[in-house]
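# Coordinate inspection notes
This is what each chain is made of:
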Amino acid sequence: MNIMFVNTWMWLFLLILHALEAGVFAVDSKQFNILYLIADDLRPTLGCYSDPVVKSPHIDQLASVSTVFHNAYAQQAVCGPSRVSFLTSRRPDTTKLYDFNSYWRVHAGNYTTLPQYFKSNGYTTLSVGKVFHPGIASNHSDDYPYSWSVPPYHPPSFKYEKRKVCKDKDGTLHSNLLCAVDVSEMPLGTLPDIENTAEAIRLLESMKDSHNPFFLAVGFYKPHIPFRIPREYLKLYPIESMTLAPDPDVPKKLPDVAYNPWTDIRKREDVQALNLSFPYGPIPKDFQLQIRQHYFASVSYVDAQVGKVLQALDDFGLAKDTIVVFSSDHGLFNRILSIHKSSIYTKCDAVKQHKFFHLSGRGVESVVELVDVFPTLSNLAGLRPLRRCPSSSFKIELCTEGSNLANLIRNQERELNREAYSYSQYPRPSDSIQENSDLPDLADIRIMGYSIRSNDYRYTLWVGFDPIRCQPNMTDIHAGEMYLLAEDPGEDNNVFDEFDHASVLHKLGVLPSWTESLKHHVIYLSSGLKSKGIL
């Protein structure tokens, strides 16, 4: 019905990790820098994830010498909850953040963050742009001074992001979804991610002669809406070459509670002018094409900024001693992660692409999660390993609910781990679709969708939720979803009602956590599918 924002909620995100050569980690006395690049709302819309349209040469070059995780999942597909989750390595039910309106140190527990852990181990920790979600969710300080050595940098031009700065054909200014601009005409004559890139380069230069290792996190604001980007990036995607989304329809038998009505997009003036019916009203096809054009252009814009930062890392002689991570916070309901091996980064030709030399990248197909980043980076940097959190860890400052992926980075993945799972969740205010269904405040949450994902299936239970205790009732099932990925990779056919769930549902309420509950349930279902030759 509606292009690329319509479906249910998928949490697959991007993760690319460029680590150092295996032998380098054996040097105990060496401390390695960390460069963590974070894009906002970036789907796996990149060449390195086999997207046939997008132009992302710099990230693709990074991926070509990195470990690329092709099935990496965020824990909630909302900026604030996802960022607090992966920066603390705790799931949303542990941070108790499902919206933007609480600070985990006050509302849940005094959890140590990823940059804080590196800071406590002698690193200079630096933040540029959107790393933590701003506002209450990070104590109006981006968690400074706990996480950062100096106050985080926020680009001055960001205050105009939602202002009426998008020029229409008649010259009037609006607050639009589609907002390609002439940068020279913008307030302050620049854009936030251009400022972020300049500040990141300045900080890299300031650290090139430092005796302390650094942890630099750079959070780009795009491709998050609005698509306020330099107009020239639209030229990469002529509108006459754009095509509609290949899979625009709502999945068969999708329960209403699972549908995202994309309320934030509806608030933009150009979308309001379409007078779309709520919640399923189709977007006109010509506007769909423009949205896709602007999204791809936004990705290419971010890609160019990433290229400049990586070029500076090499120019300042820092690349050989730096672990680079590139990820998104979530992907408009889906995926992204890459971890990169240190090497030479240099300009290569007239089209302003860049290239890494002497190392070849590798892909990981097994399922991983964003909560895995913290324990993985700690291990690669040679810091003391994080212990696994117990089922209740509100009073434990330092532990992880993720897994250490360092072995997958140091060694080629030998075989697909079909016992690997990711766990994600999403809140809803009711069974029916409401204006606040895409992002309810904590007090309004009545249902929580809990999902487990493997390489074979995605299984989701929508269950009753107590917002005061932040506690689900796993036996109060409002709806369910089950997608068999071998025959239905696009998750278009919900087969939840085709299976007998009764024999295990009574056990869900007595298991120690919802992750164990879902895992127990899907193991039962898997055994039935295997006996029928489906898996």
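We now turn to the structure provided with this report. Counting starts from 1 at the beginning of each chain's written sequence and moves along it residue by residue. Reporting in this predicted model follows two pLDDT cut-offs: at least 70 for local features of residues, and 80 or more for side-chain atom pairs to be given and counted; totals over whole chains, interfaces and linings ignore these cut-offs and use all residues. Excluded from the side-chain calculation are hydrogens and water; included are all heavy atoms of the structure.

### A look at the nonpolar core
Core analysis: the biggest nonpolar cluster contains 74 residues, and Ile 16, Leu 35, Leu 37, Leu 177, Leu 216 and Phe 326 have the highest contact counts within it. Here a helix means four or more residues in a row that DSSP labels H or I, a strand means two or more in a row labelled E, and each is numbered from the N terminus. Sort the elements by how many residues they give to this core and helix α9 (residues 285–315) lands first, with 15 residues. Only buried residues count toward a nonpolar core. Its members are Ala, Val, Leu, Ile, Met, Phe, Trp, Tyr and Cys residues joined through side-chain atoms within 4.5 Å. Throughout this description, buried means an accessible area under 20% of the type-specific maximum (1.4 Å probe, protein chains only), exposed means over 50%, and partly exposed covers the range between. In terms of nonpolar packing, the next biggest core, distinct from the first, is built from 42 residues, Ile 34, Phe 69, Tyr 103 and Leu 380 among them.

### Quick word on the pairing of strand β8 (residues 178–181)
Neither face of β8 is exposed, since Leu 178 and Ala 180 on one face and Cys 179 and Val 181 on the opposite face are all buried. One ladder, built from four bridges, connects β8 with strand β10 (residues 227–230); its direction is parallel. Within β10, the residue paired with Ala 180 across the bridge is Ile 229. Strand pairing is defined by DSSP finding a minimum of two bridges between the two strands.

### Re the environment of Ser 102
Locating Ser 102 in the fold gives a position in the loop between α3 (92–95) and α4 (104–107). When the C-alpha atoms of Ser 102 and Gly 135 are compared, they prove to be 9.1 Å apart, with 33 residues separating the residues in sequence. Look past the residues within four positions of Ser 102 in its chain and what remains in contact with it is Lys 96, Leu 97, His 107, Ile 136 and Ala 137. The criterion used for residue contact is that any of the two residues' heavy atoms lie within 4.5 Å.

### Looking at the packing of helix α1 (residues 57–64) against α9
Axes here refer to lines fitted to C-alpha atoms; in helices the fit is confined to the stretch in contact. Angles between the N-to-C directions go from 0 to 180 degrees. Packing of α1 against α9 leaves a shortest axis separation of 7 Å and a crossing angle of 55°. On the basis of their axis angle, the class for α1 and α9 is oblique. Counted together, Pro 57, His 58, Ile 59 and Leu 62 of α1 and Asp 303, Ala 304, Val 306, Gly 307 and Leu 310 of α9 form the full contact between these two elements. Within the contact of α1 with α9, the residues separate by chemical class into six nonpolar, two polar and one charged. Any angle that falls under 35 degrees is termed roughly parallel, while one over 145 is termed roughly antiparallel, one within 65 to 115 roughly perpendicular, and all others oblique. Basically, the charged four are Asp, Glu, Lys and Arg, the nonpolar ten are Ala, Val, Leu, Ile, Met, Phe, Trp, Tyr, Cys and Pro, and anything else, Gly included, counts as polar.

### As for the state of the cysteines
When the sulfur atoms of two cysteines come within 2.5 Å, that pair is taken as a disulfide. Using the criterion set out here, one finds two disulfides in the structure. At a sulfur-sulfur separation of 2.0 Å, the disulfide partner of Cys 389 is Cys 399. The sign of the S-S torsion, about 95°, decides the handedness of the disulfide formed by Cys 389 and Cys 399: right-handed. Placement of the pair is Cys 389 in the loop between α10 (373–380) and α11 (406–410) and Cys 399 in the loop between α10 and α11, with a sequence separation of 10 residues. We note that Cys 389, like Cys 399, is buried.

### Looking at the pairing of strand β3 (residues 66–69)
Here β3 shows two buried faces, one formed by Ser 66 and Val 68 and the other by Thr 67 and Phe 69. Relative to strand β15 (residues 362–364), β3 is paired through three bridges, and the arrangement is parallel. Of the residues in β15, the one forming a bridge with Phe 69 is Val 364.

### Structural notes on the pattern of salt bridges
One side-chain nitrogen of Lys or Arg within 4 Å of one carboxyl oxygen of Asp or Glu is enough to make a salt bridge. Evaluation of the coordinates by the stated rule reveals 18 salt bridges. Among the ionic pairs, Glu 161 bridges to Arg 228, the shortest N-O distance being 2.9 Å. Residue Glu 161 is located in the loop between β5 (124–129) and β6 (166–167), and its partner Arg 228 is located in strand β10; the two are separated by 67 residues in the primary sequence. Among the residues examined, Arg 228 registers a relative accessible area of 1% and is labelled buried. When salt bridges that share partners are traced, they join Asp 40, Arg 83, Lys 130 and Asp 329 into one network.

### With respect to α9
Every α-helical turn comprises 3.6 residues, leaving residues that sit three or four positions apart pointing alike. With 31 residues, α9 ought to run about 45 Å at 1.5 Å a step, and its terminal C-alpha atoms sit 45 Å apart, in line with that. In terms of residue burial, α9 counts as a mostly covered element, since 26 of its 31 residues are buried. Gly 317 sits one or two residues past α9 and shows a positive phi near 70°. Here the expected length of a helix is defined as 1.5 Å per residue gap, with one fewer gap than residues.

### Observations regarding the packing of aromatic side chains
Aromatic rings in a pair are described by how distant their centres are and how their planes are angled relative to each other. Only Phe, Tyr and Trp rings are paired, with Trp represented by its six-membered ring, and only when their centres lie within 6.5 Å; those with planes under 30 degrees apart are stacked, over 60 edge-to-face, the remainder tilted. Taken as a whole and assessed by the stated rule, the structure comprises 15 aromatic pairs. Centre to centre, the rings of Tyr 103 and Trp 104 are 5.0 Å apart; their planes meet at 65°, and the pair counts as edge-to-face. Judged by its relative accessible area of 8%, Tyr 103 falls in the buried class. On the basis of relative accessibility, which here comes to 1%, the residue Trp 104 falls in the buried class. When the ring of Phe 118 is compared with that of Tyr 123, the centres are 4.9 Å apart and the planes differ by 90°; the resulting orientation is edge-to-face. For the residue pair Phe 118 and Tyr 123, the accessibility class agrees, reading buried in each case. Three or more aromatic residues link up through ring pairs in this structure, and these residues are Tyr 103, Trp 104, Phe 118, Tyr 123, Phe 132, Trp 148 and Phe 215.

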